[in-house]
Every structure is written in C-alpha cells, then in structure tokens.
Amino acid sequence: MRILNQISNRFRQWLLQSQFKRLLLGRGPQPGPLRLSYKDVYILPTGAGLMYGVMLFLMLIASINYSNSLGYLFTFLLASVVLLAIIHTYRNLCQLVVDVSSIESGFAGGSVRVSLLVENPGQMKYAVSLSNDNGVQQRVDLSEYAKTRLLVEEPVTQRGWAPLSKLTFETRYPLGLFKAWAYVHFDQRILVYPEPLGHGLALRREQHTISQLGDQGQGVDDFVGLRLFQMGDSYRHVHWKACAHEHHLLTKQFGGNSSDEIWLDFRDYADLPLEMRLSQLCRLVLEADREHLDYGLWLPGTSFNPAKGDRHRQQCLRALALYGVAA
Amino acid sequence: MMHWIEKIAVHRRLLLLSVLCVLLPHILRIPFWLTLFCLMLLAWRVLFELKLVPGFSRWPRFIFTVAGTLSVAYSFHTIVGREAGSALLLLMLCLKLTELRSQRDIVQCMLLGYFVVVVSFLFSQSIWMGAYLVVVIVLITASLNAFAHSADSDKGLPFTRYLQLSGKLLLQALPLAALLFVLFPRLPGPLWSLPEDGYNARTGLSDSMSPGNISRLTDSNAVAFRAKFDQLPERVNDLYWRGPVFWYYDGRVWSNPTGKVKKHYELGYKAIGKRVNYTVTLEPHDKQWLFAVDMPAQIPFGSYLTPEYQLMSDEPVNQLFRYSVSSYPSYRLEAHNPPKARYVSLPTRSAPKAQLLVRQWQQQIHRPEKMVAKALDFFRTQPFYYSRNPPLLPDNPVDEFLFKTRRGYCEHFAASFTVLMRLAGIPARVVTGYYGGEVNPISDYVIVRQSRAHAWSEVWLEGKGWTRVDPTSVIPESRVESVEDLSRIQPLSRRVLLTTRLDWLGESMQQLNFLWDAVNNRWNQWVVGFNDEKQRDIMAWLGLEKVGSYALVVLLAVGSSLFLLFASLILMRPRQQKQSPVQRLYSRFCRKMAKRGLTRSANEGALDFAKRVAQQFPAIKSAVFAIAEDYYRVRYADQPTAECVARMKHNLKQL
C-alpha cells in the first residue's frame, strides 16, 4: 500500500514538474509581456468543422459509388483546403505579444478597465477575439507589424488586491472550421477600493462636533498665528522675519472659514462591521474630494493629515483598500 | 446604381452568387419548374436582404419542402439515383436560402453548395466543367472566409480580398490534393445498387435502324471514342468498328429482338494475317456497346461477344470507359456453319419489285458470290446517289429506294442490299457501327466522331463465312453529293484520296482542333479515366511494382504528413517586415554613402547624418538634405508619399 502511495506521489510530482504541467494547467500568472508561442496555442475543430468532415465523408462515398474521378479530385481538394486551414488558423494567433499597458483602479462591485497592448510582429491577423470571465470583450483585426491597444472590462467584487482574470485570445479565421485559442494570464493585480456606501457628508456635518482644537488655522485667508515649519509647507508662507529671531523656520498660519476641514475617523464608526466602516469612509472621502474640502483620514496604523488633491485622494483610497490586507 | 448591392453583407453576397453559379450547369438538365423555383427562391433572398419583402415562417417553408420533394419524385419517378438525387439536392440548397437565421444555417448552406458541386461531376467530367467548378469552389470558400471574418457585422473587407485569400488557399491545397488523388486507393464501386441511373438521350447509334437513323449523325462532331494503336495501321480509313448488328426486318425497321443473349467469350473464327492491338477510350452513351475493329480477338475483362460478334460490356457505359482490345482485320468467320434461318427471312411482300429483279438475276447467276457481285454492279452502274438528305420513303422503302428515288445514305444502301441478298436466299444481316477515323497528328491516336457512323452489310458465303460487303463503297465519285463523304468511299474503290486543300485559316483551325482534342484526350486519360490500373502503372513507373493498396495507404499517409509539415514550416516562418518605399529609398541612400566611406550609425538621425555627409561632400549638399527632409516628411509628418518618393528617387539618381 505504501509503495503504491509512493509511486503515485512520485508520478504526480513528475507530472507537475514536467512539460505536461504546461499542457494540463496552462501557464500560471506571469508578468508581461507574454508571447503566444506554438506551445500556448490550442486548436480544435468547431461545430462547422465537424459538419465539414461529415460532408467530406459523404462526398467520398458518392465518388466511390460512381467511380467518379473528378469527384475524388474535388473531395481531396476540399480535404486539403481544410488541412491547410488548420495551419492558417494557427498562424492567425501565433507570435502575438501581449502586455498590460495600464490598469485602472476601481471600486468593489463595479468594473475596471484594463488596457492591453498587443503587438503583432507578423502578417495581418484577422478576427481575433479577446475574452475574459466576463465574456467576449473585443473582436479585432490586428494590423501587421503594429501594436494595437485593447480594452478589457474586469468586474471586481472585493476590495484589496484582485488578480487579473485569465484572458483568452481566440480566432476562427480563415474558414471558421477550426478554433485556435490561447490563454494569457498576467500576474498584475488590480487595486480595488471599497465600495462607497453609507451616508454622505451633509449628514455627517450635522453630526460633526466642532473640532476640539478649534480653528486649526489651515485656511488661507486671515493671518492667525505661527507654527513650526513642517516639511511640505510652502516657502511663501514662511515667516522669514520671525525666523531671523527664532533661528528655525516658522510658517504663517492663515485662518479659513471655520471647520472647512474634516477628519474622517475610523473610530467614529465603531458600531459598523469592518467592511461597512471602510465603505462608509470611502464614500466620505469621495464626497469631500468632490467638494474640494480639506479632509484627513485616520486609520489604525495610518493617518493622513487634512489636505486635498488627486494624490491625497489616491493615498486615502489606497489605504482604505489595503487596510488589513497583506501586501 | 449598384449601391443596393452594398447593403447586403459581403458573405451573403458571395453565398448567393455561389448558389447561382452552382445551379447554372444543371439548368439544361433539370425540369423547368425546378429551375424556375430555384431562381425565384434566389431572387426572394436578394429582396429579403434588401428588406423589400417579408420572411418565410415555418409553415410555408415546410409546405414548399414537401411539395418540392413530391414534384421531384413525380418528375423522375424516384428520389434516389443520380438524376433525382441531384435535383433533390438543388431543391434543398435553394430552400435552405429561406432559413439563414443562425450561424449554423449559413454554414450548412455553404456546405450543401460544396456537395452539389461534387455531385455535378456525375453528369460531366469535361475540362470546362472542371475549370468552371473550381471557380465555384473558390466562390464558396470565399463566402466561408467572409463569414468567419465579419459574420453579420457590416465591417469587412471588399469581397475581392476574400476571393484572393480563397484562391491562395486553393492553390496551396493543390499539391496535397494531387498527391491524395494519385495515391488514394480506388475502391470498386458501386457500393449500393440503384435503379438504372437514367437514360439521357445522347447522340449516337440506336437500337434499331430505319432510314434516316444514321444520316442524322452526319453533322455531329461529337467524339464517339478515341483509339490508341500500338502500331498505327496504314489505312486508318479501312477500319470498320462493329456496333449493333440487326437481322430482323419488319418491312421498315431493322432490329435485334433477341431477349436473353448467349454470351460468347471464345471466338469461333479463323484469324488471317496480323493482329492489331489498341486501347479505346469510349465516351459514355448509356448503352452496353463497346466498339472494336472487326473481328475482336482478345476482349477486355467485363465484356462479352453476342452471337453476331458484337462486343458488349456487362454494365452500361455511363462514364468514360477505357478498354484494351486486339483484333484481326482479316478473318474467316464460321466458314462452314450454315447460319440460322432468321438471316434469310423476310416479311412477305416486303419488296415485290426487288423480288422480281432478283428472280431475273437468278436466271443467269447461280453462285452466291456472283450474286453479290451482280448486286454491287447494280448499285454502281445504275444512277444511285449518295446523299445526306435523301427524300423520305414513307412506304415500301426498299422498292422506293432501288427503283424510284435512288438517293440515299449508307443505311439505305446497306438495308436494300441486305434485302436483295435475302431475296436471293443468301443469308445476310445489317451491321452498324463506325467507319475509319481521323488521326490526330499531335498525339498519334485515332478519333472517331459520331459523323463517322456507318451501316454496311454482311453476307454468308459457303467456305468464306460471314463476309463484309459495303455497298456504299462502289458508288462512283461523281455520284457522291457532299465532299466530306468522298473520303469515306474512295479507299475501297482504290482511288487516290483527294485532299481538299484548306486555306490558311482552315489549316490553323484544324490544327487548333487537333491540339484541343489532344489536350482533351490527355485529360480523359489521366484525370477522368484515372483508375487502379493507372495507379499501378504509376507505381510501376516509380519502381514499386509489388504494391498492394495497404502500402498505398501508408505511402499516402506519409506523403500527406510530410507535405503538411513542409507547409506549416513555410507558412509559419516569421516574415520580414516589408519596408515602405520611402524606407527602401533611404536605405539605398545609406548604402550609397557607405560605399563612399560614410556609414550611418544606428542611432544617428537622418538629419544628423545628412549634415555629416554634407560636411564631407559639400557638392551634393542640397540633394542630401532634400532626401533627409523627404524621409522625415513621410515617416513622421504624414505627408503625401507619392511626391516625396518621386523627389527622393530623383535626388538619389543625381548622386
């Protein structure tokens, strides 16, 4: 019994490690660019191809029955055509080089656009279709010796890192009798932000208690006071005169309207489950960003001081997306 | 005006065109209603594609199918077999046009088209048919291609591109097809027994002979058969090819009413002189007759001899049939067996005047040979005319011909001579067949056309047996009405053959004719008549004599795999990107400069290089800069290519 086990284990090991692995499981996720070589392209007859086979058989029978020479000749001609079509169909897919050009980040529950760059280093390839788990995305002709940009929609469900689904390139050109396909599996990941849920900023403003620290003086209007220079402060706001006295840099602070800045705090939503919390915070971040407010984000382990702008938003969203997720 | 065609998707356009082309060769053959029906369905489909008429729902389609099938069954009295089967297939093909909804339907329609193409060969295997149907195959393949490319979307290439690819694919497939054709073992057909596959009225001899039967063939240039002799006989025009033999005379028509014929394989005659070997390629005529020179010595497998020594095939000849025979032109047949009484019998009062004439002769002549000579003399001396359009002889044809009209064709002479012999008590019979032939100077074989159909007589003489007597041969030259018939008569009367001098056009036309017939013959021999015998010949020629069909299949498999391997290596090799004209010109410029010692480095821009060159060779500065500028214009500024290319060429030449 043990010997049998040993043998079967050895066999399985060998299978997985040998060339068969590629055949059985396909290539695992790999970094691009990926070239579709002859090992990666599979080919099989389509339904139409099988019908064609039946037709050839019937033609042959008829030719044999009537001993009709030209019947034989044309049956063989059509048989040769389909055999050559196999080569043509194969060639219509081989040697393509695919790479991921850019991946959008998106929100859970939506979809994300992945941009692929397909290079065709050979002759023109026709009617190549690209599909993923979501169905057929595109069907294009790829120009010879040129690169084509293709877009793929990937639905994303969970926040965090989502793997790119396996893409399938398929073609039935030139005669639709054979189908050649190849899988392309990239190892890049999609950053999925939590789905923005929950109430909006307006509601939150009502509930918000005025910041305990009062007017922090982060606005840009009236001069309120001085504070120590922080990295990132604009040099225009440095109070040079005061520096001469103090021997270290001081920044002028200007007061804006009261509370035009908000802190989005993880601890505020302790009654919600984790995902809802993150989703709520996400929504608030988006709204704050839309309304050009200064917003800060506090998460256990990370915090972002109130600021605004694209980069700040992306940082916050990324933090929300990756909270608790292994990098 | 042709914009309406653009509204139909490319693959449908090609499909409809191919269905029309598939239908065309059959139009003359299928019943008129079927042609009309198919054309109407085609027209309907075109209008439907243009959204001018509504579609067919399920019930009307079903009714049409059933009605069509019943009509075919009614017209052909069956639905199996060659004629009915092909008509049914055409019907199905056109009915399929009413249902092209799903992808599968469209592909099925195209595949049906292919099938009907192959079935068309059951009716004709001529070179023209082959060439035409190759074009049709290209059309159908192009429609498959267009469908695989753009299915139902409107975007697509112009249909010429699909035709191009389809043609290329077929050309690439030809070698493999030829290999398969030569090596695939020919299984003996038929695989199933069918009711006699229809009798198409073809030109040729008939089952009976009456006045006018043979003269109607004089204009027919259609080839009856071709013969290749091992050694071409000197007097090809002396060859008599035996066809149906008639011994029963009812007063008007000569026929051969024997029911079950006793088949002979042994030849009961004495051969005199040399034997002639030859191979006949017989055009299909749906009868069992095989033609051989009198008297056949060795008959081919699958044939037999009737009691009248006519060579017959076991199966009707409805395809081109090639067989080898040898004959003894000089012979003595049944010299000492008195023949049956039927060869002397005549209906009572069939030719009273002739009877009187014969009685008159019998008073002076007592020996049969002398009687024969006397009758021939009668034809020679009396004003008998050999005419292609003799007057009709409604009643009493023999008497009318012998005494009144005296104008007739070979069948008149043969028939009346035979009657005269029978009246004299000499056994005689009428033999029809072909006479002579023309030699094709290009390939040295003999062509026998339908126009050479002939009738002659055979009389039985004690000690000599059945002897051929051709009454038309004694007609003097002056009494032959048309020039072409002269050559048929003169050799036996030992006159010099008059060759009509043809003018230059006539000569070249005749040469062309011969050339075409030679090509046609090659086609017949090597393609249409390709059978296992020819396969064995090829194997022997390759040095593989002892090859059974098993080995053939192995050879076939090996050959095909090798071919496919070779093809895939060729097709899949990476292609060099073709340079655009501008790039080619620029490369030429760089090469020229390299010859003068200035090589452009890989990362050197065109303008920088031009500057360098201008430094070295200030004389050509302007031309060099112009070239570099044009190069930039085309490659990066997207300017019109043609003029820049022209300018570049001009500047290059100056260097």
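To be clear, the structure that these remarks concern was listed above.
What counts and what doesn't
- Residues numbered from 1 in each chain as written.
- Chains lettered and ligands numbered in written order.
- Predicted model: local features only at pLDDT ≥ 70, side-chain atom pairs only at ≥ 80, totals over all residues.
- Heavy atoms only, no water.
- Helix = DSSP H or I, 4+ residues; strand = E, 2+ residues; numbered from the N terminus.
- Buried < 20%, exposed > 50% of the residue type's maximum accessible area, 1.4 Å probe, protein only.
- Contact = heavy atoms within 4.5 Å.
- Areas by Shrake-Rupley, 256 points an atom, 1.4 Å probe, with all protein chains shown as cover.
- Polar contact = N/O pair within 3.5 Å; in protein donor to acceptor, adjacent residues only side chain to side chain.
- Phe/Tyr/Trp six-rings, centres within 6.5 Å; stacked < 30°, edge-to-face > 60°.
- Axes fitted to C-alpha atoms, helices over the stretch in contact; angles between N-to-C directions.
- Parallel < 35°, antiparallel > 145°, perpendicular 65-115°, else oblique.
- Nonpolar A, V, L, I, M, F, W, Y, C, P; charged D, E, K, R; others polar.
- Buried area = accessible area lost by both parts, 1.4 Å probe.
- Core = buried A, V, L, I, M, F, W, Y, C linked by side-chain atoms within 4.5 Å.
- 1 Å grid on protein atoms, 1.4 Å probe; cavity = no way out; pocket = protein on both sides within 12 Å on 5 of 7 lines; lining within 4 Å.
- Points joined across faces, edges and corners; volume = space filled by probe spheres on them.

1. Examining the overall build of chain B
- On a plain count of helices and strands, chain B comes out with 20 helices and 19 strands.
- Counting every position in chain B, which comprises 655 residues, the buried fraction comes to 49%.
- Taking contacts inside chain B between residues at least 6 apart in sequence as the whole, the part at least 24 apart equals 71%.
- By element, 58% of the accessible surface of chain B is carried by carbon and sulfur atoms, the whole surface being about 33,500 Å².

2. Observations concerning the side chain of Arg322(B)
Residue and element names in this part refer to chain B.
- Positionally, Arg322 belongs in strand S11 (residues 321–327).
- Owing to a relative accessible area of 16%, Arg322 belongs among the buried residues under this scheme.
- A polar side-chain atom of Arg322 sits 3.3 Å from a polar atom in the side chain of Gln525.
- Here Arg322 is in contact with Thr279, Val280, Thr281, Asn524, Gln525, Gly529, Asn531 and Lys534, once residues within four sequence places are set aside.

3. Side note on the packing of aromatic side chains
Residues and elements named next belong to chain B.
- Using the criterion set out here, one finds 45 aromatic pairs over all chains in the structure.
- Ring geometry for Tyr586 and Tyr631: centres 4.1 Å apart, planes at 15°, overall stacked. Of this pair, Tyr586 sits in helix H17 (residues 581–595) while Tyr631 sits in helix H19 (residues 621–636), and the two are 45 residues apart along the sequence.
- Taking relative accessible area as the criterion, Tyr586 reaches 3% and is therefore assigned buried.

4. Let's talk about the packing of helix H2 (residues 10–23) of chain B against helix H3 (residues 32–49) of chain B
All names here are of chain B.
- Where H2 contacts H3, the two axes come as close as 11 Å, and the packing angle between them is 170°. When the axes of H2 and H3 are compared, the pair comes out roughly antiparallel. In this structure, H2 contributes Arg12, Leu16, Val19, Leu20 and Leu23 to the contact, and H3 contributes Cys38, Leu39, Leu42, Arg45, Val46 and Glu49.
- Here the residues of the contact of H2 with H3 sort into 8 nonpolar, no polar and 3 charged.

5. Thoughts on unusual backbone geometry
- Each neighbour pair has its own omega, and for Tyr173(A) with Pro174(A) the value is 10°, a cis peptide bond.
- Relative to the helices and strands, Pro174(A) resides in the loop between strand S10 (167–171) and strand S11 (178–184).
- The omega torsion across Asp294(B) and Met295(B) is -25°, close enough to zero to call that bond cis.
- Within the secondary structure, Met295(B) is located in the loop between strand S7 (292–293) and strand S8 (296–298).
- With a phi close to 60°, Lys51(B) is a non-glycine residue in the positive phi region.
- Looking at the element boundaries, Lys51(B) is found in the loop between H3 and helix H4 (58–76).
- Using a relative accessible area of 71% as the deciding quantity, one classes Lys51(B) as exposed.
- The phi torsion at Arg406(B) lies on the positive side, around 55°, for a residue other than glycine.
- Inspection of the secondary structure puts Arg406(B) in the loop between helix H11 (397–405) and strand S14 (407–408).

6. Details of the side chain of Thr46(A)
All names here are of chain A.
- Summarising the element assignment, Thr46 is placed in the loop between strand S2 (41–45) and helix H3 (47–66).
- Under the relative-accessibility criterion, Thr46 is labelled buried at 6%.
- Among the polar contacts listed, one links the side chain of Thr46 to the backbone oxygen of Gly176, at a separation of 2.9 Å.
- Not counting residues within four places of it along the chain, the set of residues in contact with Thr46 comprises Arg172, Gly176, Leu177, Phe178 and Lys179.

7. Notes on the interface of chain B and chain A
- Tallying the contact residues gives 61 residues for chain B and 44 residues for chain A.
- Contact between chain B and chain A buries roughly 4,900 Å² in total, counting both sides, with carbon and sulfur atoms accounting for 74%.
- On the chain B side of the interface with chain A, the three residues burying the most area are His149(B), Leu169(B) and Met572(B), jointly 11% of the side's total.
- Remark: the boundary between chain B and chain A carries 15 residue pairs in polar contact (both at pLDDT 80 or more).
- If you list the elements that add at least two residues to the side of chain B that touches chain A, you get helix H6 (103–120), helix H7 (127–150), helix H8 (159–183), helix H14 (504–528) and helix H16 (549–572) of chain B.
- Among the elements that line the side of chain B that touches chain A, the one with the most residues is H8(B), at 11 residues.

8. Focus on the environment of Asp286(B)
Residues and elements named next belong to chain B.
- Counting through the fold element by element, Asp286 comes out in the loop between strand S6 (276–282) and S7.
- The class for Asp286 is buried, based on a relative accessible area of 9%.
- Sequence separation between Asp286 and Pro316 is 30 residues, and the spatial gap between their C-alpha atoms is 5.3 Å.

9. Looking at the nonpolar core
- Counting residues in hydrophobic clusters, the biggest one holds 99 residues, and the most contacted among them are Tyr52(A), Met55(A) and Tyr114(B).
- Among all residues touching Tyr114(B), those that are not within four sequence positions of it are Tyr52(A), Met55(A), Met59(A), Leu78(A), Ile137(B), Ile140(B), Thr141(B) and Leu144(B).
- By size, the runner-up hydrophobic cluster in this structure holds 84 residues, among which are Trp254(B), Cys410(B), Ala428(B) and Val459(B).

10. Description of empty space enclosed by the protein
Residue and element names in this part refer to chain B.
- Tallying each qualifying case throughout the model produces 4 cavities of 30 Å³ or more.
- The calculated volume of the largest cavity comes to roughly 90 Å³.
- Around the largest cavity, the lining residues are Pro211, Tyr249, Arg252, Trp254, Leu393, Pro397, Val398, Phe401, Glu411, His412, Ala415 and Ser416.
- Going through the elements one at a time, H11 and helix H12 (410–423) are the ones with two or more residues in the lining of the largest cavity.
- The greatest single-element share of the lining of the largest cavity, amounting to 4 residues, is contributed by H12.
- Among the residues making up the lining of the largest cavity, the classes are represented as 8 nonpolar, 2 polar and 2 charged.

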